[in-house]
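# Residue-level structural notes
So the chains spell out like this:
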Amino acid sequence: MNYKFVLVDHQNASDKSEWVLSPPVTVGRCPTVDITLNDGSISRKHCQFLIDPYDSLIVRDLGSKNGVFIDEQRVEKAIVVPGTNIRIGMVNLRAELTDEELDQIDDDDQVFDLDAAYDLGETHPVKIYRPEADV
């Protein structure tokens, strides 16, 4: 089962970007997540969308600072009805069921196993390189 995740422009309610993926799908600011959103209100690994044993789409907050909201209520874990708007930090996403094919990964992109479980109890140090020209 594939889902289309749509980034919604909150100012004019238009669709800005979309991704067709099969859960689990991790959303955050980090470039290694499935959906990378470059917004200061988004944590590096903000939330994850999963399928429960009853084939329902679930959103789970991964300990984000600015939270995950459904119907303006902050949730740690909740069922997402297709078509529902989900606020992640200050960004709005909509999740929809789709028959569209999964997005293709370019050869330059790293390939990540979407079926792998994420070990949230283990962290690793990360070194960020910033060239002198960008500082």
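Definitions and limits used
- Residues numbered from 1 in each chain as written.
- Predicted model: local features only at pLDDT ≥ 70, side-chain atom pairs only at ≥ 80, totals over all residues.
- Heavy atoms only, no water.
- Helix = DSSP H or I, 4+ residues; strand = E, 2+ residues; numbered from the N terminus.
- Polar contact = N/O pair within 3.5 Å; in protein donor to acceptor, adjacent residues only side chain to side chain.
- Contact = heavy atoms within 4.5 Å.
- Core = buried A, V, L, I, M, F, W, Y, C linked by side-chain atoms within 4.5 Å.
- Buried < 20%, exposed > 50% of the residue type's maximum accessible area, 1.4 Å probe, protein only.
- Pairing = 2+ DSSP bridges.

By the element assignment, Arg87 lies in strand 10 (residues 85–88). Polar side-chain contacts of Arg87 include one of 3.2 Å to the side chain of Glu72. If near-sequence neighbours (up to four positions away) are discounted, Arg87 is found in contact with Gly67, Val68, Phe69, Glu72 and Asn92.

Grouped together as the largest cluster of nonpolar side chains are 24 residues, with contacts concentrated most on Phe5 and Phe49. When sequence neighbours within four positions are dropped, the list of residues in contact with Phe5 reads Ser17, Glu18, Trp19, Leu21, Val25, Ile35, Phe49, Arg94 and Ala95.

For the rest of this paragraph, the subject is the pairing of strand 5 (residues 47–51). Note on strand geometry: in a regular strand, side chains alternate between the two faces of the sheet. Relative to strand 5, strand 3 (residues 25–28) runs antiparallel, the two being bridged by three bridges. Bridging from a neighbouring strand, Val27 pairs with Cys47 of strand 5. Two strands pair when backbone bridges link them, and strand 5 and strand 6 (residues 57–61) are joined in this way by five bridges, in the antiparallel orientation. By the bridge assignment, Cys47 is partnered in strand 6 with Asp61. What sits between the antiparallel neighbours strand 5 and strand 6 is a turn of five residues, in which Asp55 has the positive phi angle 65°.

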